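Commentary on secondary and tertiary structure
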Amino acid sequence: MTYNLNDADKMDNENKNLVRARQSLIEELDAINVYEERIQASDDEALKHVLIHNRDEEKEHAAMLVEYLRQNDAEFNRRFDEHD
Ligand SMILES: [Fe+2]
C-alpha cells in the first residue's frame, strides 16, 4: 500500500499527527532491521557492541511511538486488549 500525499492534505491535524507517528514507527522498525542485519554481518566485536546499543535504542524509540499511538488512537489501543 502506498501512502498518498495528496489525500494527506485533506486530513485534519489530529490525523496528520497520527500519520506522523505511524510513519515514524515504520522508520524505527526499519532501523532495527538495518542494525540487526549489520550486527549479524560484522565480524568486529567493538562495532557489534555499538550497533547492538544503537539497535536497542531504536527499539525504545519504537516503543515510545506505540505508546503515543495507544494514547491517541482509541481503536488502536482497543485492539491491544481485544485482539484474537
Ligand atoms: Fe530512532
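Details of the structure are given in the entry above.
Now for a quick tour of the structure. Predicted model, so just to flag it, every value in this text is computed and none were measured.

Time to look at the side chain of Arg55. Mapped onto the elements of the fold, Arg55 is located in helix H3 (residues 45–72). Overall, the relative accessible area of 14% leaves Arg55 in the buried class. In this structure Arg55 touches Ile32, Tyr35, Glu36 and Ile39, once residues within four positions along its chain are discounted.

The next point concerns the coordination of the iron ion. Ideal values for angles at a metal depend on the geometry: 109.5 degrees with four tetrahedral donors, 90 or 180 degrees with six octahedral donors. Note on the iron ion: its protein donors are Glu28 (OE), Glu28 (OE), Glu58 (OE) and His61 (ND1). The metal-donor distances range over 2.0 to 2.7 Å. In this structure, the iron ion is surrounded by four donor atoms whose angles at the metal cover 51 to 125°, and the resulting shape is irregular. All donor residues of the iron ion come from one chain, and their arrangement in sequence is E-x29-E-x2-H. Highlighted residues: Glu58 and His61, both in helix H3, separated by three residues, approximately one helical turn. A relative accessible area of 29% means that His61 is categorised as partly exposed.

Quick notes on the rules
The numbering scheme is per chain: residues are counted from 1 as the chain's sequence reads. Local features in this predicted model are restricted to residues of pLDDT 70 or higher, and side-chain atom pairs are both shown and tallied only at a pLDDT of 80 or more, whereas totals for entire chains, interfaces and linings draw on every residue. Side-chain numbers come from the whole structure's heavy atoms, not from hydrogens or water. Strands are runs of DSSP state E lasting at least two residues, helices are runs of H or I lasting at least four, and both sets are numbered from the N terminus onward. Buried residues are those whose accessible area, probed at 1.4 Å on protein chains only, stays under 20% of the maximum for their type, while exposed residues exceed 50% and partly exposed ones sit between those limits. Note on contacts: a residue pair is in contact if any heavy atoms of the two residues lie within 4.5 Å. In this analysis a donor is any N, O or S atom within 2.8 Å of a metal ion (3.2 Å for sodium, potassium and calcium), and since water is not included, sites may seem incomplete. When four donors show all angles between 85 and 135 degrees the site is tetrahedral, when four or six donors have opposite pairs over 155 degrees and all other angles between 65 and 115 it is square planar or octahedral respectively, and in every other case it is irregular.

Any functional reading would require information that these geometric values do not contain.
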